[in-house]
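# Tertiary structure, described
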Amino acid sequence: MLGRIRSVFRALTRRRDFEEGMTDELRFHMEELTDDLVRAGAPREEAARRARMELGSLENVKGDCREARGLHWFDELLRELRYAARLLRKTPGLTVTALLTLAVCLGANLTIFAVIDTVLLRPLPFPEPGRLVTVFNTYPKAGVERDGSSLTNYYERRGHIPAFASVAIYRYGKAIIGEAGSTEREQIARVSADFFATVGAGPAMGRAFTEQETTFQTDGVAILTDAYWRTRFNADPHAIGRQIRVDGLPKTVIGVLPAGFRFLSSEASLYFPLASRPEDRTPLQRHSGGNTIQMIARLKPGATLAQAQSQIDTQNANLEVDDPQAKMMADAGFRSIVTPLHADHVAAVRPTLLLLQAGALILLLIGAVNLANLLLIRASGRGKELAVRQALGANRWHVAGEAVVETSLLTLAGGLLGLAVGACGIRLLGGMAAGRLPLGSHVTLDARSALAALAASLALGVVLAAPIVWFNLRRHLGHALQSVSRGGTSGRAAQILRHSFVVSQIALAFMLLAGAGLLGLSLKRAMGVSPGFRYDHILTGQVSLPYKNYPDGAGRVAFVETAMARIGRLPGVLSAGVISNVPLSGNSGKSAAAVKGRIPRPGESPRGHYSYWVGGDYFGALGLSLRAGRFLTAADSRKAERVCVVDEDFARYYWPDSSPLGQRVFFGSEQGSDAEAFTVVGVAGSVKQAGLTDDTAQGAVYYPYNFRDDGDIFLVVRTGLPPEALGLTLQKAVRQIDPDLPVTDLRSMETRIADSLATRRSPALLAGLFSGIALLLTAIGSYGVLSYAVAQRRREIGVRMALGARPQQIRSQFFSLAMRLLAGGTALGVIGAWLAGRAMQTVLFHVPALNLAILAAAAGVMGVVSVAACLWPSHRAARISPMEALAEE
Amino acid sequence: MDKTADLLPGTLDMLILKAVSLKPLHGYGVLLRIRQISRDALEIPQGSLYPALYRLEHQDLIAAEWGVSENNRRAKFYTLTPAGRRRLRAETAGWNRLASAIAAALNTTSEEV
């Protein structure tokens, strides 16, 4: 077999050698034969003549020889390709329409597929990524779906879950790197010693962390990513052992990660040990995950997810036996879930991406139907020519092959254009927040997808040829020859096929339009949700006070006081405050709060609430509304007196019938002594913390900043100027207090809100774009079919007009045909839209699957487009001159 | 009656293989050799010879190489490949079985039935 392929290949690549060799060989034969005949006594001329006769036609022999080599297939294909290219050139309008349709439809699919491939399909870049899982705690009945894992969880599970080959934890964070005066804030990750072994990729240079290095005081080591090593260490081969300053503390570089190492979507450029004290690992801390520490594990070969889950469940049950919190955790529905790492990481975007791919496929379907219809119309136009050829003996296979070659040439060319459109689309998508998708930062068009796309376009070519072949072959020759010459009606079946194509096209476009409408409406409703505060003219930025320079609360409060005073004096600043976590920051971790004297109702579980620590004039700066009592002021952070403000969701939940003012609240799930209680002094309006579309009334408590044990704060500034204009001034003001403190994540509140909606906006925009293209394609399709119908019945119209039909009647006849097609398509489209709406429920916000307004709007748009597409052909039909129409043949 | 016999379908390939198995030959040589070894009984249709040679070469049963003929002309010489040798052996055995079976059948007299 291989030999044969080689032989064909050799003959093809050295075609001229093959032809010349064959000619030489045959000439040699003739000469030898002639010589022999002369030797036998024939005159030379007579001998040459007889030699030619014996061998037969040279061209026939050569043809047979080529066929023996399998070359005739290629010759045939080449001939067909030339013929097809000539035909396509002869109808430039159709060819260009077809190419553009294919380019856009295939390009759209390729773009979306590239994203799906990168995010959903491509395995994580680690060895045996299928064995990587994540484990997280969940307390669904307390409103906490996801709480990460605690240090205690990690130390208790390590080595005790037989299904796990290894377990590791990590925590993302930020750190200030560098010497005083030239510091930069970098994204970092703190990881346990076995983290790199668990993911299966460790430092390319140096070593990984050891167990000792995960204890405080002995954790002065760092591992760099390749990119950081190249940019900040100039790829120094002796980087190992060098010192860097991290949050003011010296750390020794002990390793450099391989190029391209990236854990999930992490932007971390440095890795540090996740160090802790023994008291952080006690059973009391078991449920203090707070969604900052995450756990990953590698399954043992052969171990299943179900085994791991049941082992975790068993261990949890055993550990909680003597835990005083056990009852409360059980009430909260506590469980630790084991789930595949990759799927879990991309779970949130999966439905949206699949939806967009479905939209793109529908678009492709509309495009393909359009092409099928246009090509079918052209095939009908060439019916007579083909009939004549068949009558003269053209073989049926040949006729079929011709159609396949022609459509494949068209779709392949369209596919190549589609690759270009796809490449542009991917760049465009990069600007539309694709980079912020999990794993989405490297969406590229790889050779695999490109090849698959070309193969798909070739397959599409074959599919498109099917109706044409069917149409060409099923037709009775004699009838075809006559029907055209008589100018009568075309085959009934072909007409039905054409019309059903248009109907399905309208239905699909309607479906896409309605789907885009649902997404758009959902976005509009999400945008219409009030975040709970006046979000215009607010600038926010993050500052992390490093532990070394700000070891205690007094120092941090002093910084906040100075910063507030300084920022408050800046020109254009109306009010300023600080908070531990700004709304829509992306962090929606919750913690428990206990209410003094409250006895849980039977079956009631403790709830997670948003806990904020505020300083300065936070409430004024954010523009929160006051429902009762007073807000916390800067003065509250200076006093030892414990006061707090709760939001109205919190107040409604705990004191539905009484005033919350004067009530006592404890931070954490335990009711402590009176000295630890915070007295409620005010009730504020609720704020959307997790996102505008988060409907859960979680409840929130605001504590004074001086009771906070953490240096991460957000500055919130209300200004009369455009907020972004204040960014540099704000940074400078902070640097004046502490030159080592950068302000990061500087964004206006409006930008934060817009960014939080990016995952809704981009799909809505794309769906809108898709349906726009679909409308255009449908218009082209309807126009093409109706124009054809008019052209076909030109003679008939001529006769009728000669007999007295008015142009108005002719026009309305074609118009009503168009309207019937529209009505059929819309009816089917409504069913499709309903199905699509149901499939989209998970990504819709406050929009039902079947929204009448959207259906009406979609029908309206569809109607306008269809009418517009039909006006010109109907008009032309009405203007046919009987004399000309009848004189033509 | 004509002393040449028509070729049975499928036998041309076998004869070509046999001819080139004796000695490397060019196309015209194959024609002459078959005529010679069949004692002029078999006449090859010359138009079919070359397609058959090309087909056998394509199937890797014979190999071709350019050389110089006995009267100093450039000619393409064919030799048998190992695969061709195996094929020739198989075809010869098959042919002999068939021929003896047919001969036996045709020689049957009425007494033997």
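Residues numbered from 1 in each chain as written. Chains lettered and ligands numbered in written order. Predicted model: local features only at pLDDT ≥ 70, side-chain atom pairs only at ≥ 80, totals over all residues.

If you tally the helices and strands in chain A, you get 28 helices and 21 strands. Relative to the compact-globule value of 29 Å for 889 residues, chain A shows a C-alpha radius of gyration of 38 Å, a clear excess of over 25%. Structurally, chain A occupies a C-alpha span of about 125 × 85 × 55 Å along its principal axes. In chain A, which comprises 889 residues, the share counted as buried stands at 42%. Across chain A, contacts joining residues at least 24 apart in sequence account for 84% of those joining residues at least 6 apart. (Helix = DSSP H or I, 4+ residues; strand = E, 2+ residues; numbered from the N terminus. Rg over C-alpha atoms; globule rule 2.2 N^0.38 Å. Buried ≥ 20, exposed ≤ 12 C-beta atoms within 10 Å, placed from the backbone. Contact = placed C-beta atoms within 7 Å.)

Moving on, we get to the overall build of chain B. On a plain count of helices and strands, chain B comes out with four helices and three strands. Written out in order from the N terminus, the α and β elements of chain B read α-β-α-α-β-β-α. Referenced to the eigenvectors of the C-alpha coordinate spread, the extents of chain B come out at roughly 60 × 35 × 20 Å. Counting across all 113 residues of chain B, residues that qualify as buried make up 27%. Of the contacts formed within chain B by residues at least 6 apart in sequence, a portion of 50% connects residues at least 24 apart.

Below, the discussion takes up the nonpolar core. Residues and elements named next belong to chain A. Membership of the largest hydrophobic core comes to 170 residues, with the highest contact counts inside it found for Val716 and Val717. The element contributing the most residues to this core is helix α18 (residues 492-528), with 18 residues. No fewer than three residues from each of domain 2 (71-129 + 347-486) and domain 4 (546-740) sit in this core. Apart from the residues within four sequence positions on either side, Val717 is in contact with Ile538, Leu539, Ile567, Val573, Ala576, Ala621, Leu726 and Leu730. Formed by 53 residues, the second largest nonpolar core is a distinct cluster that contains Ala189, Val256, Phe261 and Ile312. (Core = buried A, V, L, I, M, F, W, Y, C linked by C-beta atoms within 7 Å. Domains from an automatic or database assignment.)

Attention shifts here to the domain arrangement of chain A. Taken domain by domain, chain A comprises domain 1 (2-70), domain 2 (71-129 + 347-486), domain 3 (145-331) and domain 4 (546-740). Distance between the C-alpha centres of domain 1 of chain A and domain 3 of chain A: 78 Å.

The next point concerns unusual backbone geometry. With phi around 80°, A:Gln217 is a residue other than glycine that occupies positive phi space. Tracing the backbone through its elements, the reader meets A:Gln217 in the loop between β4 (205-206) and β5 (221-224). Although it is not a glycine, B:Asp60 adopts a positive phi angle of roughly 65°. Mapped onto the elements, B:Asp60 comes out in the loop between α3 (46-58) and β2 (62-68). What makes B:Asp60 partly exposed here is the crowd of 18 C-beta atoms within 10 Å.

Turning our attention to the environment of A:Arg838. Residues and elements named next belong to chain A. With respect to the secondary-structure elements, Arg838 resides in helix α26 (residues 807-839). By C-beta crowding, Arg838 is classed as exposed, having 11 other C-beta atoms within 10 Å. Distance in space between the C-alpha atoms of Arg838 and Pro848 is 8.3 Å, their sequence separation being 10 residues.

With that settled, the discussion passes to the interface of chain B and chain A. In this complex, chain B contributes 16 residues to the contact, which on the side of chain A involves 21 residues. With seven residues, the top contributor of residues to the side of chain B that touches chain A is α3(B). Taken together, the residues that form the side of chain B that touches chain A break down as five nonpolar, six polar and five charged. (Nonpolar A, V, L, I, M, F, W, Y, C, P; charged D, E, K, R; others polar.)

On to the pairing of β2(B), then. Residues in a regular strand project their side chains so that they alternate between the two faces of the sheet. All names here are of chain B. Bridging between β2 and strand β3 (residues 74-80) involves seven bridges; their strand directions are antiparallel. Each residue of the ladder has a partner; that of Ala64, found in β3, is Tyr78. Following β2, the chain reverses through five residues before pairing antiparallel with β3; Asn72 in that reversal takes a positive phi of roughly 60°. (Pairing = 2+ DSSP bridges.)

The next point concerns the environment of A:Gly824. Here A:Gly824 shows up in helix α26. A C-alpha to C-alpha distance of 6.1 Å links A:Gly824 and A:Val503, two positions 321 residues apart in sequence.

Attention now goes to the environment of A:Ser149. Residue and element names in this part refer to chain A. As for its placement among the helices and strands, Ser149 is situated in the loop between β1 (132-138) and α7 (151-157). Residue classification places Ser149 among the buried residues on the basis of 23 C-beta atoms within 10 Å. Taking the C-alpha atoms as reference points, Ser149 and His29, separated by 120 residues in sequence, lie 88 Å from one another.

Taken as a whole, chain B shows an average pLDDT of 85; of its residues, 92% reach a score of 70 or greater. On the interface metric, ipTM, the complex scores 0.85, and its pTM is 0.77. (pLDDT = per-residue confidence, 0-100.)

All names here are of chain B. Here we have three strands laid out as an open sheet, ordered β1-β3-β2, and antiparallel in their pairing. With partners counted over all chains shown, the strands left at the sheet margins are β1 (25-26) and β2, one partner each. The sheet contact formed by β1 and β3 spans two bridges and is antiparallel. Of the residues in β3, the one forming a bridge with His26 is Phe77.

Bringing the pairing of strand β3 (residues 184-191) of chain A into the picture now. All names here are of chain A. Burial analysis of β3 places six of its eight residues in the buried class, the great majority of the element. The pairing of strand β2 (residues 164-177) with β3 spans eight bridges and is classified as antiparallel. Bridge pairing in β3 links Ala175 to Glu186. Note that β3 and strand β8 (residues 270-273) share four bridges and pair parallel. When the sheet's bridge partners are listed, Arg190 is paired in β8 with Phe272.

Moving on, we come to the packing of helix α24 (residues 758-792) of chain A against α26(A). Two quantities define a packed helix pair, namely the angle between the axes and the distance from one axis to the other. All names here are of chain A. With their axes 11 Å apart at the nearest point, α24 and α26 run at an angle of 145° to one another. Of the two elements, α24 crosses α26, and the hand of that crossing is right-handed. Contacts between α24 and α26 pair Ser782, Leu786, Ala789 and Val790 from the former with Phe814, Leu817, Ala818 and Leu821 from the latter. Looking at the contact of α24 with α26, its residues break down into seven nonpolar, one polar and no charged. (Axes fitted to C-alpha atoms, helices over the stretch in contact; angles between N-to-C directions. Left-handed = near helix turned anticlockwise from the far one by under 90°.)

Further remarks concern helix α14 (residues 383-391) of chain A. Residue and element names in this part refer to chain A. If you check which residues of α14 are buried, you get Gly383, Leu386 and Ala387. In a view along the axis of α14, the buried residues occupy a sector of 100°, so they form one face of it. One or two residues past the end of α14 sits Gly393, with phi positive at roughly 110°. (Arc of directions from axis to C-beta.)

Another aspect to go through is helix α4 (residues 58-68) of chain A. Residues and elements named next belong to chain A. Of the positions making up α4, those classed as buried are Val61, Cys65 and Arg66. The buried residues of α4 all sit within an arc of 140° when viewed along its axis, so they share a single face. Projecting away from the buried face of α4 at angles above 90 degrees are the exposed residues Glu59 and Asn60. Of the residues flanking the end of α4, it is Gly70, one or two places downstream, whose phi is positive at about 80°.

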